[in-house]
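Residues per chain, in single letters:
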Amino acid sequence: MTILEVASSQGLDWSRAQFALTACYHWLFVPLTLGLALVMGIMETIYYKTKDEFWKKTTQFWQKLFGINFAIGVATGIILEFEFGTNWSNYSWFVGDIFGAPLAIEGIVAFFMEATFIAVMFFGWNKVSRRFHLASTWLTGLGATLSAWWILVANSWMQHPVGMDFNPETVRNEMMDFFAVAFSPAAVNKFCHTVTSGWMTGAVFVVGVSCWYLLRGRNKKMALASIKVGATVGVVSALLVLFTGDRSGIEMAENQPMKLAAAEGLEKGGKGAAFSIVPGVEVPGVLSILATHDINGYVPGTQDIIDGYSYEKDGKTITVKGAKERMESGKIALQAFKDFRESAEKDDQKAKNEARATFEKHKADFGYGYIEKADDLIPPTGLVYWSFRVMVGCGSLLLLILIGLWWQQRRGKLEQSKLLLHAGLWSIPLVYAAGQAGWIVAEVGRQPWAIQDLLPVNAAISGISAGAVQTTFFIFLAIFTVLLACEVRILCRAIKGHNAE
Amino acid sequence: MITYTFLQQYWWFIVSLLAGILVFLMFVQGANSLIFRLGQNEAERELVVNATGRKWEFTFTTLVTFGGAFFAAFPLFYSTSFGGAYWVWMAILVTFVLQAVSYEYQSKDGNFLGKNFFRRTLVLNGFAGPFLVGAAVATFFTGSDFCVEKNAISEAGLIVPAISTWGTAWHGLEALANPWNIVLGMAVVFLSRTLGGLYLLNQINDDQLRPRCRRQVISDAIPFLIFFLAFVGYLLCKDGFAVDEYGTVSLVGHKYLTNLLEMPVTLGIFLVGVVLVLLGIIRPILNEKFTRGIWPAGIGTILTVLSLFLVAGLNQTAYYPSVTNLQSSLTLSNSCSSEFTLTVMAWVSLFIPFVLAYIAHAWHAIDKKEITKEELKDAHHKY
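Analysis parameters
Residues numbered from 1 in each chain as written. Chains lettered and ligands numbered in written order. Predicted model: local features only at pLDDT ≥ 70, side-chain atom pairs only at ≥ 80, totals over all residues. Heavy atoms only, no water. 1 Å grid on protein atoms, 1.4 Å probe; cavity = no way out; pocket = protein on both sides within 12 Å on 5 of 7 lines; lining within 4 Å. Points joined across faces, edges and corners; volume = space filled by probe spheres on them. Helix = DSSP H or I, 4+ residues; strand = E, 2+ residues; numbered from the N terminus. Salt bridge = Lys/Arg side-chain N within 4 Å of Asp/Glu carboxyl O. Buried < 20%, exposed > 50% of the residue type's maximum accessible area, 1.4 Å probe, protein only. Contact = heavy atoms within 4.5 Å. Buried area = accessible area lost by both parts, 1.4 Å probe. Polar contact = N/O pair within 3.5 Å; in protein donor to acceptor, adjacent residues only side chain to side chain. Nonpolar A, V, L, I, M, F, W, Y, C, P; charged D, E, K, R; others polar. Domains from an automatic or database assignment. Core = buried A, V, L, I, M, F, W, Y, C linked by side-chain atoms within 4.5 Å. Patch = residues over 30% accessible without salt bridge, like charges linked within 9 Å, V, L, I, M, F, W, Y side chains within 5 Å. Areas by Shrake-Rupley, 256 points an atom, 1.4 Å probe, with all protein chains shown as cover.

Asks: What is the right way to look at empty space enclosed by the protein in this model?
Replies: A probe as big as a water molecule, rolled over the atoms, marks out the empty space that is left. Applying the stated criterion across every chain yields a total of six cavities of 30 Å³ or more. As for the largest cavity, its lining consists of 14 residues, of which Leu22, Phe66, Trp89, Val133 and Val137 of chain B are closest to the centre. If you list the elements that add at least two residues to the lining of the largest cavity, you get α1 (4-25), α5 (56-73), α8 (115-142) and α13 (294-313) of chain B. For the lining of the largest cavity, the element with the highest residue contribution is α8 of chain B, accounting for four residues. Space inside the second largest cavity adds up to approximately 50 Å³. For the second largest cavity, the full set of lining residues is Ala115, Ile118, Ala119, Phe122 and Phe123 of chain A together with Gly53, Arg54, Glu57, Phe58 and Tyr383 of chain B.

Asks: Looking at this structure, I do not really get the pattern of salt bridges. What am I missing?
Replies: Think of it this way: side chains of opposite charge can pair up when their charged atoms draw near. Residue and element names in this part refer to chain A. Scanning the model with the defined rule gives 29 salt bridges over all chains in all. Lys363 is the partner of Glu360 in a salt bridge, and the nearest nitrogen-oxygen pair spans 2.8 Å. Residue classification places Lys363 among the buried residues on the basis of a relative accessible area of 19%. Connected via shared salt-bridge partners are Asp165, Arg356, Glu360 and Lys363.

Asks: Is there a simple way to think about the interface of chain A and chain B in this case?
Replies: Many structure descriptions define interface size as the accessible area lost when the parts assemble. Contact residues are listed per partner, giving 95 residues for chain A and 83 residues for chain B. Together chain A and chain B conceal approximately 8,000 Å² of surface at their shared face, both sides included; 74% is due to carbon and sulfur atoms. Of all residues in chain A, Trp93, Phe123 and Lys127 of chain A bury the most surface against chain B, accounting for 10% of the area lost on that side. Inspection of the chain A/chain B interface yields three salt bridges. Across the pair Asp109 of chain B and Arg493 of chain A runs a salt bridge whose closest N-O atoms are separated by 3.3 Å. Counting across the chain A and chain B interface gives 21 residue pairs in polar contact (both at pLDDT 80 or more). Listing elements by their share of the side of chain A that touches chain B, those giving two or more residues are α1 (3-50), α2 (53-86), α3 (89-123), β2 (172-175), α11 (323-346) and α15 (466-497) of chain A. Residue contributions to the side of chain A that touches chain B peak at 27 residues, all from α3 of chain A. Looking at the side of chain A that touches chain B residue by residue, the classes come out as 55 nonpolar, 25 polar and 15 charged.

Asks: Even after reading the chapter, I still don't get the domain arrangement of chain A, so can you show me in this structure?
Replies: Residue and element names in this part refer to chain A. Examined at the domain level, chain A breaks down into domain 1 (3-256 + 381-497) and domain 2 (321-378). A straight line from the C-alpha centre of domain 1 to that of domain 2 covers 38 Å. Facing the 15 residues of domain 1 at the interface are 17 residues of domain 2. When the two sides are added together, the surface that domain 1 and domain 2 hide from each other amounts to roughly 1,300 Å², 61% of it contributed by carbon and sulfur. Along the contact surface separating domain 1 from domain 2 lie three salt bridges. Between Lys363 and Asp165 there is a salt bridge, with its nearest N and O atoms 2.7 Å apart. Taken together, domain 1 and domain 2 are joined by six residue pairs in polar contact (both at pLDDT 80 or more).

Asks: Help me understand the environment of Arg356 of chain A in this model?
Replies: Residue and element names in this part refer to chain A. Mapped onto the elements of the fold, Arg356 is located in helix α12 (residues 349-362). For the pair Arg356 and Leu134, spaced 222 residues apart in sequence, the C-alpha to C-alpha distance is 58 Å. Not counting residues up to four positions away in its chain, the partners in contact with Arg356 are Pro168, Glu169 and Phe340.

Asks: Is there a simple way to think about the nonpolar core in this case?
Replies: Here is a general trend for soluble globular proteins: nonpolar side chains tend to be buried in one another's company. Ranked by size, the top nonpolar core spans 273 residues in total, and within it Trp62 and Tyr91 of chain A together with Trp12, Phe74, Phe77 and Tyr319 of chain B carry the most contacts. No other element matches α3 of chain A, which puts 21 residues into this core. Each of domain 1 (3-256 + 381-497) and domain 2 (321-378) of chain A accounts for three or more of the residues forming this core. Contacts of Phe77 of chain B, omitting those with residues within four sequence positions, involve Phe70, Phe82, Trp89, Phe140, Tyr319, Tyr320, Leu330 and Ser335 of chain B. Counting 14 residues, the second-largest nonpolar core is a separate cluster that includes Leu260, Ala262, Leu266 and Phe388 of chain A.

Asks: In this structure, what is going on with a nonpolar patch on the surface? I would like to understand it.
Replies: Residue and element names in this part refer to chain A. A grouping of Ile277, Val278, Val281, Val283 and Trp386 is seen on the molecular surface, where their side chains present a nonpolar patch of about 390 Å² in accessible area. Counting only elements with at least two residues in the nonpolar patch, the list comes to β4 (275-278) and β5 (281-283). Of note, Val283 is situated in strand β5. A relative accessible area of 31% means that Val283 is categorised as partly exposed.

Asks: Is there a simple way to explain unusual backbone geometry in this structure?
Replies: Most peptide bonds take the trans form, and the phi angle of most residues other than glycine is negative. Residue and element names in this part refer to chain A. Note that the residue after Gln447, namely Pro448, is joined by a cis bond; omega there is 5 degrees. Residue placement: Pro448 occurs in the loop between α14 (418-444) and β9 (449-451). Of note, the phi angle at Asn219 is positive, near 45 degrees, even though the residue is not glycine. Mapped onto the elements of the fold, Asn219 is located in the loop between α6 (185-216) and α7 (220-255). One non-glycine residue, Asp453, lies in positive phi territory at about 65 degrees. Tracing the sequence through the fold places Asp453 in the loop between β9 and β10 (455-456).

What follows is the structure, encoded as structure tokens:
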């Protein structure tokens, strides 16, 4: 290993750290934007229908909090977009033909809608008609949701690349089928799971803040009305999160079995696989149900995926190539690609055709050619395992709390249920923990792949020094942390200082 | 006939148009750089901040969309320039990030950094944003220090080498050593300040601020014209990076002048643009009642920047030249997406007129009333 390589592999780690940092911070703000937009939309619709000034004031209060949170979400988002170029330059060329499109569509279709109508929403109360204002509030939320659609299409494509083909002439993957990319089942499901989790975040935020008011005996009317809307949205979205989460499990088992095995800490799999609640506590058969909707379904473990495995399904034996075998095939693909390029430069048509034929045969394993050791294919199991449990645990707990709050407010006994009000307040950190943990499962779980089976992170990065990335990492860390502290303090002051009565 | 070449040129046109709109919308940055200069007391500074605060998201979104469109249409530029001129792009990002939160946070209770901290970040972004964007765009003509080797990705290893590599560890900062990059950077700074002054003049109805805005426009327009004309003069005289039908890049004398002369429509756009900018500056100076100079100057800016981008990329020109290795220079055809992707994106681009229409509608609805001190007092959402 030369000194240059050491420096670069540190550069890789810093680039990953920087991307993870930006993504984690971004996902602190975005779900609240998505969720509050929905709650505000519903509240303003009630105002529009009833003309009751109380609902206008209530909408405006949540809108103020929305505004404080929105700006920093935008700020962290722009960096994510540009980081694909700055830190993952090989990636940008290798798949830019597919990946760039959703980002551009996001800008043209979604961001402008959001930016335009948010201005009307904030500044238009006394300037435009009630109808136009209501439309603007919904369009702001729609813009945010559309932008989530396109960025999640991009992300799902990295998890499960479809609709493209590698072209050795141009040295990149090229889009073959736009609709396969834009509406792949993985993208649809990812969008539904992520956006509904955002709705849940917004709902929990509204409910939590309102519970705090009730505990303090302040702004009671507004708090109760907000809980009515918030808890309803919360229960519905929590159920949707659960349902789409189940779909995610099936999809993960199909497309990214390694991620599922890591999330379960499952080294050796088999039929009727047990689900581990925490280490040492297992429920037989449940993992198979989650992964295949069949108690006898086969779930491979990390070692099975490395070595290769076979199982029976519908009376047929299905054999899956092991990662080691794919790595060998990948090396052949990489060599054939090299030969193809060399013979093309020498204008040796015969050699070029031969290399192309070999390449086409091994193309599916091309990405594996970059993997040095088979063990590199196993993501950090502990982190993924525990994140998965935090996500599911917090999510389930939140569903129970939200149902409890919804039920008690329906019976008109919410103010007396002090314990439930405390639980409502404390569900705010829970919902954030669940959201962050979910993304850790999704992103850490697919390591070492930047794009599943196609491009590992070590082949995706830019030629910049570790020092440079380290510097920008700490600059962003400092800026985001200070701005987050500032945001939280401003939000708390705005909540404490609000007097609705 | 819609050919692959046509699609490449069409997308270069869209990217160029977005660049033009971005430079126009940087009136937000220009006006922000004047917060303390024009606003001599708190009430006046508030007027300036609130006037730009209702528009900043358009600038920001255009920057993001400009990046996205470049990525989708010319991914090799995205990977080469962003990954190479790392420090320049990072600096641009940092100042825009700070700007994004500055409005919302500055006057809110609980802001422990203080109002002036966020005003200063607005000023910082007001200078640094236009300057860095201008200097980066200048490298489209002056060239950068990079190599592109697509075969690099055939090397397995602990770390696979990058396809695009930068020649110096300065990663973009070396561009500041070329005085012509600085000249264009300064031209954009003073242009955005001029536009900022014109925007405030139109937007804010205040007896003290209006004459001050007018004077400010004069004192920014003069350095703008000097820097701009110097750069245009340099551009018309300098050698350019031509690409022949086999994709070979070579230096050709007076290439950009030739481009203008060989593309009369582009020349026309350029001349109309320059005249409109001058008109937008001069009319409000001569006529005390005229406050709408931002419109001719703004449209003129869009047209001028559009034409300069067209000169950089059309008529067989390498738009992102490498001075280290001429053959690594990026041209429309060697850096673009596949024909299929460009076609899909061409369909998407049909949304653009629709987007512009609703922006115009919403903008008009918000701007029906001018901003005054009284209007701000009653404003529901105020920075």
